[in-house]
Number of protein chains: 2
Amino acid sequence: MGHQESLTAYIAAFVAELYSSGITDVVVSPGSRSTPMAMVMAEHPELKVHIHVDERSAAFFALGIAKATNRPAAILCTSGTAAANYFPAIVEAHSSRVPLVVLTADRPHELREVGAPQAINQIHLYGQHVKWFAEMALPEENREIIRYARTVCARAAAIAAQAPAGPVHLNFPFREPLIPKLDEELFQLEERPKGYVKVQSGELTLENNHFQDIAEKLKGKERGIIVCGNTSDNRFAMAVTRLSEALNFPILADPLSQLRSGSHNQDNIIETYDTFLRNEDAKTFLKPEVVLRFGAMPISKALSNFLKENHGAEQFVIDGGGGWRDPAALSTEMIFCNEAIFCEQLLCFLDTNSSSGFLQDWQSLNVLTKENMSLVKDLTELSEGKLFYQLVDMLPEGATLFVGNSMPIRDLDSFFLNNDKSIKVMANRGANGIDGTVSTALGAALYSKSLYLVLGDLTFFHDLNGLIAAKLYNIDIHIILVNNNGGGIFSFLPQSEHPKNFELLFGTPLNLEFEHAVRMFNGKFTKIKDWNHLDMEMKNTIENSGIHVFEVVTNRDSNRDEHREFWRTVSQEISNFVNGAQ
Amino acid sequence: MGHQESLTAYIAAFVAELYSSGITDVVVSPGSRSTPMAMVMAEHPELKVHIHVDERSAAFFALGIAKATNRPAAILCTSGTAAANYFPAIVEAHSSRVPLVVLTADRPHELREVGAPQAINQIHLYGQHVKWFAEMALPEENREIIRYARTVCARAAAIAAQAPAGPVHLNFPFREPLIPKLDEELFQLEERPKGYVKVQSGELTLENNHFQDIAEKLKGKERGIIVCGNTSDNRFAMAVTRLSEALNFPILADPLSQLRSGSHNQDNIIETYDTFLRNEDAKTFLKPEVVLRFGAMPISKALSNFLKENHGAEQFVIDGGGGWRDPAALSTEMIFCNEAIFCEQLLCFLDTNSSSGFLQDWQSLNVLTKENMSLVKDLTELSEGKLFYQLVDMLPEGATLFVGNSMPIRDLDSFFLNNDKSIKVMANRGANGIDGTVSTALGAALYSKSLYLVLGDLTFFHDLNGLIAAKLYNIDIHIILVNNNGGGIFSFLPQSEHPKNFELLFGTPLNLEFEHAVRMFNGKFTKIKDWNHLDMEMKNTIENSGIHVFEVVTNRDSNRDEHREFWRTVSQEISNFVNGAQ
């Protein structure tokens, strides 16, 4: 059997198994060493091959696909720094539990660490930031090696998807010549032609007596709260809502919990806690004795502080990925159990708690805070807070809202209120970087009905190159660019009180006219004049295709002042209410 | 002593030592966790602080500074994916032996792996790709810890610079609050105010009897060649030229050996071997019995093949960094000795070899090849080969030429001929990636008289963001953008014979009008119409400031055909000559 035949058989078996394992999308960056894999992938009748020249953007693009589909996406690149460019997205995938199958081509063993071109040490290249690394065997065509290639593939896809989901890395050494032999029978496999091994992946659950114990502990508890952070499990919203009803506990719903939008019962869902938990009277008034926490840590610092101050409360942290998401060491019970299963199973052992004033107190402060939103929504100038308040109305039914990090995600938390629309909210909240946002959103847009990305100017700049995917693949995306010419979040941090080098180190104005870049990528660019203009543009462009950027220019200083004025006023109202109520 | 005082004293001592250790430039990316270090750096009276929002570009920018100065440059970023974005430049620095001091801010130990925001595992983040990693102590203000901070700093800078130079990584955990106490006495250190420890860094050399042995082995050898790859040691050109004269061996000089330009004697310097070593008759005619090789592996594949085919020759590989740059396992003697010292010391033990016909044979084929360059230089259409041929004339005296990877560096190798101008040639030839090229060139431009960057469209696109540095810091750069709308090198590779998915996977045309992006960064953009236009523009813009991009549009197919036609014709002439000569 010749080199070319072995190379082809090995790779074709691997690629066929990739598709059998549920991977439909591969993002390929051009290169020489990866040639055989890329050429075979392009021949596959079902696999969608997306080409992306910049590997950093490519990996984030795949991350977006995986986030939107809840299935692993694969990425392929050549050897050398190409593979190093994947690192930021891999770190994010690992932190945010998104499944990725990372395939890197490599020089064979005899060309490593001997100064061969484009050869770097790719063994364990991503260190602790992948769930599994395998250095693949050199291509051979014999049954054992073909079986090996197929099982490693199925295994890699399964490990990536298994909770906690994350990236896996397979490094493929290939010898020259690199051209495979492409014919019609490429994917016709001798053994088990429809897939070598189907991996059945279980979910963590507790035994009944554990649920009984927990039910016992919750029995009769009045001052309980449920905190829900970022989750991607569709079953969870219904399950946790029912649990909340049975316990009569309010749900503090992070915008990424997917609980603020949708048709489930939202009576117990509290969404303005980030505002009212800045008030000391409220915090005293609402002191919990028990906390059930699901999903990632919530975005709100006010909420984190509140939980930290209540370290005496019993805190149950439920994690279906068996992680340890508890930065302030507050959990009294760390429960490794799938979140939806936990809610459903616990319900079997719970009597309904009697309705309590505690839930009503939370609801009252939530209503009061919302009433004071008029301060934000009546602003006539373009403003960041109001933008996020308006989004609910402006977004079409069924939209996906992708939100950039730093200020936008915080404003979303503060101002994006409960609604019965079907709106999915996404963000890169694993490591909270501003990198790769455009590409992640574009990857998600491939599998979303209509995608709206809201992000700041530094975040937009950081991944401007990512727009190339929209140009090359005609992806539809609406981008609301909140341009405050620099890093708005720093105006809220203590360094803003030290003006000397503030603009140099933190404000970092770039003074860019993004219209130029948007045009280069064939996008439409609209500078928003006022709220009517934005409203009209949003309405008129719902059906538009391609890239459409709406630039909302704001001012960092007045933005900070508006936020502070809002918080101050609400805080006053809250204090009046709480002191009157007590 | 309070937290703020300890934080400040610790960091100020470190930053003061950074400057005492010879580091003049730090590239800082904005972030929160890195606040105390950034604020202290900005206070330093001598340290140059460059701000760069995109950490990937930032690290390449520092790489460029370090390449141009032959001194370590430092980079600083916040925790999370920011640090992961440094990875490509770190890999390149490691592979190309460029000193970098990488400083990452981190959460303190109690916030690690517990779901805290922007906290990722940064311990050994860059794996095998840094020379040294240290997890720093938490700030404390006592003499021992201050001494520790200062010695680690001096040590890190020295390790980075010591041959083989490369990156080192220091990870700094910082606790909140993050604001240092800035006053006038910030850098007034109690102990050893002018620098804590000066590191004296030696160079590898052999003992006299070793040199004597080597001289003995070379004695009377007629068929010897010297091969010089990428080096950054200024002493080397003179030393190796003298060695070549004593041995009567030709020097095959890679464009990055810095031997093709300059005032040294160039009689023995052969620069067109990449062309004539494609001919079988030439290879037989020029068979060496001994090879002395210095520096990185040369760019030319024809030369690599020639050396591989002569695996029977004695091959001395001299490496001052003690590396193992020998991908084809050809060395018979691997010599860990500084290259310039090797040449100088060996000369003390050598009698001059008698002049040989072998040197003349190399010189004859070199002359013959140059005569045939008319095929390239007489082209009237814009062409890639001719561009590199013309560069010598077009570049001003004292220029630095930075060349992109893939086709440009190969065309430079083929067509950039010997000259007596002072032209420094640079490229990212560690891992040979197309990433970070714009930023590396801009970093180098800070310390170069006039910098010309020649690169392809995919390479330009990959680091388009890097141009922001030129805009923000008014860096002067001339960019010759060779736009063949895609990956030109693949037209020379075997996959070009498989047209089915060629354009999709390898050609990858982006169809971008780069003028838009260049304008966004306040650059000037000129689409070159013909050779006269380019010549005129190059002459008229020598004194220009800011970014100036000259776009030279070429065609991938005709480019390949022109190259092949040139090689075919020269090959014919060479065969005629060799067969006539024998």
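Residues numbered from 1 in each chain as written. Chains lettered and ligands numbered in written order. Predicted model: local features only at pLDDT ≥ 70, side-chain atom pairs only at ≥ 80, totals over all residues. Heavy atoms only, no water.

Focus on the overall build of chain A
Phase 1 of the analysis: Helix and strand content of chain A: 23 helices and 18 strands.
Phase 2 of the analysis: Whereas a compact globule of 582 residues would reach a radius of gyration of roughly 25 Å, chain A reaches 26 Å, a difference of no more than 12%.
Phase 3 of the analysis: Referenced to the eigenvectors of the C-alpha coordinate spread, the extents of chain A come out at roughly 85 × 60 × 45 Å.
Phase 4 of the analysis: With 582 residues in all, chain A has 65% of them scored as buried.
Phase 5 of the analysis: Counted over contacts in chain A with a minimum sequence separation of 6, partners at least 24 positions apart contribute 78%.
Phase 6 of the analysis: Carbon and sulfur atoms provide 47% of the accessible area of chain A, an area that totals close to 20500 Å².
Phase 7 of the analysis: Within chain A, one finds 51 positive and 71 negative side-chain charges whose respective centroids are separated by 1 Å. (Helix = DSSP H or I, 4+ residues; strand = E, 2+ residues; numbered from the N terminus. Rg over C-alpha atoms; globule rule 2.2 N^0.38 Å. Buried < 20%, exposed > 50% of the residue type's maximum accessible area, 1.4 Å probe, protein only. Contact = heavy atoms within 4.5 Å. Areas by Shrake-Rupley, 256 points an atom, 1.4 Å probe, with all protein chains shown as cover. Lys, Arg positive; Asp, Glu negative; His and termini not counted. Charge placed at Lys NZ, Arg CZ, Asp CG, Glu CD.)

Some words on the nonpolar core
Phase 1 of the analysis: Counting residues in each nonpolar core, the largest one holds 126 residues, and the members touching the most others are F460 of chain A together with F460 of chain B.
Phase 2 of the analysis: Counting 113 residues, the second-largest nonpolar core is a separate cluster that includes A313 of chain A together with A16, A134 and F187 of chain B. (Core = buried A, V, L, I, M, F, W, Y, C linked by side-chain atoms within 4.5 Å.)

Remarks on the environment of K283 of chain A
All names here are of chain A.
Phase 1 of the analysis: Note on placement: K283 falls in helix α10 (residues 280-285).
Phase 2 of the analysis: Through-space distance from the C-alpha of K283 to that of I226 is 16 Å; in sequence the pair is 57 residues apart.
Phase 3 of the analysis: Aside from chain neighbours lying at most four places away, what touches K283 is L277, F306 and E309.

Concerning the relation of the copies chain B and chain A
Phase 1 of the analysis: Mapping chain B onto chain A is achieved by rotating through 180° and translating by 0.0 Å along the same axis, at an RMSD of 0.0 Å. Both chain copies can therefore be described as sitting about a two-fold axis.
Phase 2 of the analysis: When the interface residues of chain B are mapped onto chain A, 100% of them are again interface residues, pointing to one common binding face. (Least-squares fit on C-alpha atoms with pLDDT ≥ 70 in both.)

Focus on the interface of chain B and chain A
Phase 1 of the analysis: Contact residues are listed per partner, giving 78 residues for chain B and 78 residues for chain A.
Phase 2 of the analysis: Close ionic contact of D54 of chain A with R56 of chain B constitutes a salt bridge, the shortest N to O distance being 2.8 Å.
Phase 3 of the analysis: Summed over the shared surface of chain B and chain A, the number is 26 residue pairs in polar contact (both at pLDDT 80 or more).
Phase 4 of the analysis: Among the residues making up the side of chain B that touches chain A, the classes are represented as 40 nonpolar, 21 polar and 17 charged. (Salt bridge = Lys/Arg side-chain N within 4 Å of Asp/Glu carboxyl O. Polar contact = N/O pair within 3.5 Å; in protein donor to acceptor, adjacent residues only side chain to side chain. Nonpolar A, V, L, I, M, F, W, Y, C, P; charged D, E, K, R; others polar.)

Considering the domain arrangement of chain A
Residue and element names in this part refer to chain A.
Phase 1 of the analysis: Taken domain by domain, chain A consists of domain 1 (3-173), domain 2 (208-370) and domain 3 (374-565).
Phase 2 of the analysis: If you average the C-alpha positions of domain 1 and of domain 3, the two centres end up 32 Å apart.
Phase 3 of the analysis: Listed per partner, the contact involves 23 residues of domain 1 and 27 residues of domain 3.
Phase 4 of the analysis: For the pair domain 1 and domain 3, the summed buried surface comes to about 1800 Å²; carbon and sulfur atoms form 59% of the total.
Phase 5 of the analysis: Three residues stand out in domain 1 for area buried against domain 3, namely F60, F61 and K67, and they jointly supply 29% of the buried area on that side.
Phase 6 of the analysis: Connecting domain 1 to domain 3 are zero salt bridges.
Phase 7 of the analysis: Sorting the residues of the side of domain 1 that touches domain 3 by element identifies β2 (48-51), α3 (55-69) and α5 (87-96) as the ones contributing at least two each.
Phase 8 of the analysis: Taken together, the residues of the side of domain 1 that touches domain 3 break down into eight nonpolar, eight polar and seven charged. (Domains from an automatic or database assignment. Buried area = accessible area lost by both parts, 1.4 Å probe.)

Quick look at the packing of aromatic side chains
Phase 1 of the analysis: Counted by the stated rule, this structure contains 35 aromatic pairs over all chains.
Phase 2 of the analysis: On the numbers, 6.4 Å between centres and 75° between planes, the contact of F521 of chain A with F461 of chain B is edge-to-face. Placement of the pair is F521 of chain A in the loop between α21 (515-520) and β17 (524-527) and F461 of chain B in helix α18 (residues 457-462), with the two residues belonging to separate chains.
Phase 3 of the analysis: Here F521 of chain A falls in the buried class, since its relative accessible area comes to 2%. (Phe/Tyr/Trp six-rings, centres within 6.5 Å; stacked < 30°, edge-to-face > 60°.)

What about the sheet that holds strand β1 (residues 25-28) of chain B?
All names here are of chain B.
Phase 1 of the analysis: The strand order β2-β1-β3-β4-β6-β5 describes an open sheet built from six strands, whose pairing is parallel. A strand with exactly one partner marks an edge of an open sheet, and here the two such strands are β2 (48-51) and β5 (132-135). For this sheet the average axis-to-axis angle between neighbouring strands, irrespective of direction, equals 20°.
Phase 2 of the analysis: With seven bridges connecting them, strand β4 (residues 100-106) and strand β6 (residues 167-173) associate as parallel partners. Of the residues in β6, the one forming a bridge with V102 is H169. (Pairing = 2+ DSSP bridges. Axes fitted to C-alpha atoms, helices over the stretch in contact; angles between N-to-C directions.)

A word on the state of the cysteines
Residue and element names in this part refer to chain A.
Phase 1 of the analysis: The tally for this structure, following the rule as stated, stands at zero disulfides over all chains.
Phase 2 of the analysis: Take C228: it sits in no disulfide, and the sulfur closest to it among the cysteines is that of C343, at 7.4 Å.
Phase 3 of the analysis: We note that C337 lacks a disulfide partner, and the nearest cysteine sulfur, in C343, lies 8.8 Å from it.
Phase 4 of the analysis: Looking at C337, the relative accessible area reads 0%, which means it is buried. (Disulfide = S-S within 2.5 Å.)

Considering the sheet that holds strand β5 (residues 132-135) of chain A
All names here are of chain A.
Phase 1 of the analysis: Spatially, the six strands line up as an open sheet ordered β2-β1-β3-β4-β6-β5, and their pairing is parallel. A strand with exactly one partner marks an edge of an open sheet, and here the two such strands are β2 and β5. Across the sheet, the axes of successive neighbouring strands diverge by a mean angle of 20°, strand direction being ignored.
Phase 2 of the analysis: In this structure, strand β1 (residues 25-28) lies alongside strand β3 (residues 73-77), joined through three bridges in parallel fashion. Looking at β3, one finds that V26 is bridged to A74.
Phase 3 of the analysis: Of the strands in this sheet, β1, β3, β4 (100-106) and β6 (167-173) are in contact with helix α1 (residues 3-20), which crosses β6 at around 165°.

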